[in-house]
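The lines below spell out each chain.
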Amino acid sequence: MTTRVAIVGGTGKLGGVIRAVVEDEPGFEVSAVLSSSSSLDELDGADLIVDASTPAISIDVVRAAIERGVNILVGTSGWSSERIALVRPLVDAAGTGAVFIPNFSLGSVVASALSAAAAPLFPSVEIVEAHRETKVDSPSGTAVRTAEMIAAARAEVGPVESPHVDQRARGQQVASVPVHSLRRPGVIARQEVVLSGPGESVTIVHDTIDPALAYAPGIRLALAAARDAEGVSVGLDSFVDIGVRTRAHRPRVEPPVDGLSGQAARATPV
């Protein structure tokens, strides 16, 4: 059975890439292409809604999908963990699925995961992200997601050290991580995570050079996941095993219970 896909923001740069992937993907077809000013009534009849609009409109698109009982794939920036938490019970109550993808690039997902894995080892972590001058929001959704992953990975050791954050030039704090946003011509998307400790630093960099080539594999994966999703999922790493584990994902061995030895104690995920 073919899945009919309505794309909101399909006339934009990301929307155009998504549209091309959907048109070439077996089992999917584009049923409607909406601009950010289109009536959401045009979503009627879709089996899956893809949102590549703007942060101001995205919440209305998600709400429209929930009201129609249709699954949604969200590629729009601006969805923090707090904002997604507000949507989760609505999706659960409707019995639908919502997949939020801050970045469709598999390389970006790997870079963010590596940053989170290394974060507990360094007291200082800062993010510098750059996008073209036409990007309307900052920080980027990728930077927000990376900062939230870093904070989760550092749950046992505490927030990062970020002195003088009361000064505007120190960037915006996201989950205790200072984020610095550049908007300039000559760049598509770039993120640097700088991890610093006594006497050393590590910088993890991801560059998007060709969006169509970089995003297409992730879009294909996300389309399949969103079509069959139940509840809320965030990030490609929620359904793609990239082989990177943070402290938040490592098993914790419980102390001996009822006389059992440590070797026989149960390992439970944290």
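What you are looking at is a predicted structure, and each value in this text was computed from that prediction instead of being measured. (Residues numbered from 1 in each chain as written. Predicted model: local features only at pLDDT ≥ 70, side-chain atom pairs only at ≥ 80, totals over all residues. Heavy atoms only, no water.)

Of note, Ser 58 is situated in helix 2 (residues 55-68). Among residues more than four places away in sequence, those in contact with Ser 58 are Asp 51, Ser 53, Val 74, Thr 76 and Trp 79. (Helix = DSSP H or I, 4+ residues; strand = E, 2+ residues; numbered from the N terminus. Contact = heavy atoms within 4.5 Å.)

Let's shift gears to the pairing of strand 5 (residues 97-100). In strand 5, alternate side chains face the same way, and those of Gly 97 and Val 99 on one face and Ala 98 and Phe 100 on the other are all buried. Judged from the 3 bridges that link them, strand 4 (residues 71-74) and strand 5 form a sheet pairing that is parallel. When the bridges of strand 5 are listed, Ile 72 appears paired with Ala 98. For the segment spanning strand 4, helix 3 (residues 81-94) and strand 5, crossover handedness is right-handed. Here strand 5 runs beside strand 11 (residues 231-234); their pairing, made up of 4 bridges, is parallel. Bridge pairing links Ala 98 to Val 232 in strand 11. (Buried < 20%, exposed > 50% of the residue type's maximum accessible area, 1.4 Å probe, protein only. Pairing = 2+ DSSP bridges. Right-handed = clockwise from strand over helix to strand, strands pointing away.)

Time to look at the UniProt feature "domain: Dihydrodipicolinate reductase C-terminal" (unreviewed entry) in the protein. The UniProt entry lists residues 110-229 under the feature "domain: Dihydrodipicolinate reductase C-terminal" (unreviewed entry), expressed in the numbering used here. Between the first and last C-alpha atoms of residues 110-229 the distance is 22 Å; the span itself is 33% helix and 30% strand. (UniProt positions renumbered as here; feature names shortened; annotations may be inferred.)

On to the sheet that holds strand 11, then. Spatially, 2-1-3-4-5-11 is the arrangement adopted by the 6 strands of the open sheet, whose pairing is parallel. Sheet topology places strand 2 (28-34) and strand 11 at the edges, where each strand pairs with a single neighbour. Ignoring which end each strand starts from, the neighbouring axes of this sheet average 20 degrees apart. With 4 bridges connecting them, strand 1 (residues 3-8) and strand 3 (residues 48-51) associate as parallel partners. (Axes fitted to C-alpha atoms, helices over the stretch in contact; angles between N-to-C directions.)

On to the sheet that holds strand 7 (residues 172-174), then. Across the sheet, which stays open at both edges, the 5 strands sit in the order 7-8-6-9-10 with mixed pairing between neighbours. At either margin of the open sheet sits one strand with a lone partner, and together these are strand 7 and strand 10 (200-208). For this sheet the average axis-to-axis angle between neighbouring strands, irrespective of direction, equals 25 degrees. Two strands pair when backbone bridges link them, and strand 7 and strand 8 (residues 177-183) are joined in this way by 3 bridges, in the antiparallel orientation. Across the sheet, Gln 173 pairs through a bridge with Pro 178, a residue of strand 8. Together, strand 6 (124-131), strand 7, strand 8 and strand 9 (189-197) form the strand contacts of helix 5 (residues 141-153), whose direction differs from that of strand 6 by roughly 165 degrees.

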